[in-house]
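Secondary and tertiary structure notes
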Amino acid sequence: MILPRIRQLDEGAVNRIAAGEVVERPASAVKELVENALDARATRVTVDIADGGRTLIRVTDDGHGIDPDDLPMALSRHATSKIDGSDLLNIHSFGFRGEALPSLGAVGRLTITSRAQGSDGAATIHVSGGRIDAPRPAALRQGTVVELRDLFHATPARLKFLKSERSETMAVTDVIRRLAMAEPGVAFALRDISDGGERILFRADAAADMTGRMAAILGRAFTDNAMSIDAERDGFRLTGLAGLPTYSKGNSVSQYLFVNGRPVRDKMLTGALRGAYVDVLARDRHAVAALFVTCDPELVDCNVHPAKTEVRFRDAGIVRGLIVSGLRHALAGAGHRSATTTAEATLGAMRPGRPTAPVYQMDRPSQQARAASYSAQMPGFSEAPSARMEDSVAPDDAATSAPLGAARAQLHENWIIAQTETGIVIVDQHAAHERLVYEQLKAQMRDRGVVAQALLIPDVVEVGPMADLLLSLDLSRLGLSLEPFGPGTVAVRETPAILGNVSAEVLIRDILDELEESDGADPLSLQSRLDAILSRMACHGSVRSGRRMSAPEMNALLREMETTPNSGQCNHGRPTYVELRLSDIERLFGRT
């Protein structure tokens, strides 16, 4: 057998291999070129693409430019002006490897035209398939223009792996959006010039601050329904905007994370973001957020991924704790605040002829179910509650000045109507009280453990193979005392006092459901799992749909909501109330 000999690959093959790591698709090329423009201190960046970036990518900036003598060197591998190579952890720029331009020149037709600041003239250089032409004089007033045509023409097999033109265009747009968020002081424009036309895909003028840039990119609705984040811990700082739980999405595409100004897609950071909202969002909902982590560059390594989209922190636990605690502190400070978009969705649903699917949907209990629920809460009074309003509630001017107003009526034994100084508030009594009970349970567990009530006769519940897991969780902190009672069976001796007269078997079944649902998810800490169990338990102790409430009870519920953290949404992330201003109601009836 003849052994294969080891040989050095030629420069062209090396560059094409490097391009496979750095340039995955047109969006990757746009990212590298725009980051170069930002490193050149550009204040305006314009990107033109054609056919999703396959046939043309042109990036124009007004940065400090490249000296004509340095243009050939710029196309050499690992040649850069951004670092001197002495310290790869002290990185203050987007790029630092010197791989992007030679990689792009190896797989496409690349032309660089640049005029260095203070230079008498501009120069241009062209490279195609790794073959570099000599620099020539050119006409350019300022900055640099990098034009990449026929991406992957030197490696046509790569074209087969590209997606549709629309998908590639969307990926390029997403790259520009993220970089625009990272640099609010820079103006960005993205144009599609396919087939000789010109279509503006994205535009963001220079903004004075981050909030203005976020409003321009993510919309005013986001900034109006977001919490400002500013927290520090052990050399790390977290800033940005995070949406209210009721302003959530069905996917995670609206989560933007940055480390030292660099857009990243890091699993640890996204996991911390999800962990911070786990108490206020359903599992199929995702927070909307733009978060910026800043620290000394030596505390983070950004050289762990070919595209530099992942990072590695020296102490990831500090960063994760900062994100979770910073966001939870902001959520607690938001109190009963709920997203304004719930009111807009409500008005949209009310407008005749324009039915729209609501963002959140709860099944309305049947008349028989409401009768059974009401009978269970008030034994001996089994007739179904009527849907008529109670007698008029006496006006209370002081209460109407409160954030959630004064209760005026209860409709269908589920909806509280309150009057405020500027409009009305519609409250879901069950969802609201469920959150209040949940927060009380959590507070009791933190302080001294949930107060328990002993059962006169222990309830024996068969739980099968989950018995060992139940007994290992030490649910006594939650006011639930369990003991083994034979194979696959537990005896319930105490239940949380705040839940009142509750079925121990139904409670245990709900807890088992929660444990099974969280089993395959991202591993929850014990505390998070206990909180999830408390959430299930709170449902048993809350005011049910179909329960008739007096005016004092309704007002007491409103006042407690105003002072309870996270009361703007229930334990499943649905809004607990909708506020309609008088101007909204007048517009609904065509009076404005």
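Just so we're clear, the structure is a prediction, and the values are computed from it rather than from any experiment. (Residues numbered from 1 in each chain as written. Predicted model: local features only at pLDDT ≥ 70, side-chain atom pairs only at ≥ 80, totals over all residues. Heavy atoms only, no water.)

With respect to the overall build of the protein chain
The line we're drawing: Each helix is a run of DSSP H or I of at least 4 residues and each strand a run of E of at least 2, with the numbering of both proceeding from the N terminus. Only protein chains enter the calculation, and the probe is 1.4 Å; a residue is then buried if its accessible area is under 20% of its type maximum, exposed if over 50%, and partly exposed in between. Only heavy atoms enter the contact rule, under which two residues are in contact if any of them lie within 4.5 Å.
Helix and strand counts for the protein chain stand at 18 helices and 25 strands. Per-residue burial over the protein chain gives 49% buried out of 592 residues. Considering only intrachain contacts with a sequence separation of at least 6, the fraction spanning at least 24 residues in the protein chain is 70%.

Re the nonpolar core
Nonpolar side chains in soluble globular proteins tend to end up buried together. Definition in use: By convention a nonpolar core is built from buried Ala, Val, Leu, Ile, Met, Phe, Trp, Tyr and Cys residues, the set being connected through side-chain atoms within 4.5 Å.
Counting 57 residues, the largest nonpolar core has V34, V45, V47, L110 and F188 as its most contacted members. What L110 contacts, discounting residues up to four positions off in sequence, is L75, L101, L104, G105, I125, H126, V127, V146, E147 and L148. Residues A231, V264, A287 and V324 belong to the second largest nonpolar core, which totals 36 residues.

Let's talk about the pattern of salt bridges
The condition that has to hold: The term salt bridge refers to a pairing of a side-chain nitrogen on Lys or Arg with a carboxyl oxygen on Asp or Glu at a separation within 4 Å.
The final tally for this structure, using the stated rule, is 23 salt bridges. Among the ionic pairs, K31 bridges to E35, the shortest N-O distance being 3.1 Å. On the criterion of helical spacing, the pair formed by K31 and E35 is a turn pair, its members being 4 residues apart in helix α2 (residues 26-39). Per residue, the accessibility class of K31 equals that of E35, and both read buried. R191 is the partner of D48 in a salt bridge, and the nearest nitrogen-oxygen pair spans 2.6 Å.

Observations regarding the sheet that holds strand β19 (residues 406-411)
Where we set the bar: Strand pairing requires that DSSP identify at least two bridges connecting the strands. Angles shown run from 0 to 180 degrees and are taken between the N-to-C directions of axes, each axis being a line fitted to C-alpha atoms and, for helices, limited to the stretch in contact.
Across the sheet, which stays open at both edges, the 4 strands sit in the order β19-β20-β21-β25 with antiparallel pairing between neighbours. In this open sheet, the two strands that pair with only one neighbour each are β19 and β25 (577-581). Within the sheet, the average angular offset between the axes of one strand and its neighbour, ignoring direction, is 20 degrees. In terms of strand pairing, strand β20 (residues 415-419) meets strand β21 (residues 423-428) through 5 bridges, oriented antiparallel. Paired with W415 across the strands is D428, a residue of β21. In the packing of helix α13 (residues 429-447) onto the sheet, the strands contacted are β19, β20 and β21, and the crossing angle to β21 comes to about 70 degrees.

Overview of the pairing of strand β7 (residues 143-149)
For β7, a buried count of 6 out of 7 residues is recorded, marking the element as mostly surrounded by other parts of the structure. With 6 bridges connecting them, strand β2 (residues 56-61) and β7 associate as antiparallel partners. Across the sheet, residue D61 finds its bridge partner in β7, namely T144. Taken together, the 7 bridges between strand β3 (residues 109-115) and β7 define a ladder with antiparallel strand orientation. What sits directly across from R115, in β7, is G143.

So, the packing of helix α8 (residues 267-277) against helix α9 (residues 316-334)
We apply this condition: Note: crossing handedness is left-handed where the near helix turns anticlockwise from the far helix by less than a right angle, and right-handed where it turns clockwise. Gly is put with the polar residues, along with every residue not named as nonpolar or charged; the nonpolar set is Ala, Val, Leu, Ile, Met, Phe, Trp, Tyr, Cys and Pro, and the charged set is Asp, Glu, Lys and Arg.
Look at α8 against α9: their axes get within 9 Å of each other, and the N-to-C directions meet at 30 degrees. Where α8 crosses over α9, the handedness of that crossing is right-handed. Taken together, the residues of α9 that come into contact with α8 (itself represented by M268, L269, G271, A272, L273, G275, A276 and Y277) are A316, V319, R320, I323, V324, L327, R328 and L331. In terms of residue class, the contact of α8 with α9 is made up of 12 nonpolar, 2 polar and 2 charged.

Some details on helix α4 (residues 100-107)
Helical periodicity: at 3.6 residues per turn, an α-helix aligns residues three or four positions apart in one direction. Taking burial as the measure, the 8 residues of α4 include 8 buried ones, the bulk of the element. Every buried residue of α4 is accounted for by A100, L101, P102, S103, L104, G105, A106 and V107.

Focus: α13
Which entries qualify depends on this criterion: In this scheme, a helix's expected span is set at 1.5 Å multiplied by one less than its residue total.
Taking 1.5 Å per residue as the helical rise, α13 with its 19 residues ought to reach 27 Å, and the 27 Å between its terminal C-alpha atoms agrees with that figure. Counted residue by residue, α13 has 15 buried out of 19 residues, so it is predominantly covered. In the stretch just after α13, G449 is the one whose phi turns positive, near 95 degrees.

Quick notes on the packing of aromatic side chains
Two aromatic rings are characterised by how far apart their centres lie and by the angle between their planes. Going by this rule: The aromatic pairing rule takes the rings of Phe, Tyr and Trp, using the six-membered ring of Trp, and pairs them if the centres are within 6.5 Å, calling planes under 30 degrees apart stacked, those over 60 edge-to-face and the rest tilted. Working rule: Lys NZ or Arg CZ, within 6 Å of ring centre, within 35 degrees of ring normal, means a charge sits over the ring.
Evaluated as defined, the whole model comprises 3 aromatic pairs. With 5.9 Å between their ring centres and 70 degrees between their planes, F236 and F313 make a pair best called edge-to-face. Note that F236 is positioned in strand β11 (residues 236-243) and F313 in strand β18 (residues 312-313), a separation of 77 residues in sequence. Like F236, the residue F313 is buried in the burial classification. Seen in terms of ring centroids, F258 and F292 are 4.5 Å apart; in terms of plane orientation they differ by 10 degrees. Their pairing is stacked. Of this pair, F258 sits in strand β13 (residues 255-259) while F292 is found in strand β16 (residues 289-294), placing the two residues 34 residues apart along the sequence. You can call F258 buried: its relative accessible area is 1%. Residue placement shows K442 over the ring face of Y438; its charged tip is 4.8 Å from the ring centre.

So, the state of the cysteines
Under the convention used in this document: Two cysteine sulfurs form what is called a disulfide whenever their separation falls within 2.5 Å.
Counted under the stated rule, the structure contains 0 disulfides. There is no disulfide at C295, and the cysteine sulfur nearest it, in C302, is 9.8 Å away. The exposure class of C295 is buried, given its relative accessible area of 12%.

Examining the sheet that holds strand β23 (residues 481-484)
Through backbone hydrogen bonds, the strands of a sheet pair up, either in parallel or in antiparallel fashion. Across the sheet, which stays open at both edges, the 3 strands sit in the order β22-β24-β23 with antiparallel pairing between neighbours. Two strands close off the open sheet at either side, each with one partner strand: β22 (452-462) and β23. Direction aside, neighbouring strands of the sheet carry axes that sit 20 degrees apart on average. In this sheet, strand β24 (residues 489-496) lies alongside β23 in antiparallel orientation, the contact comprising 4 bridges.

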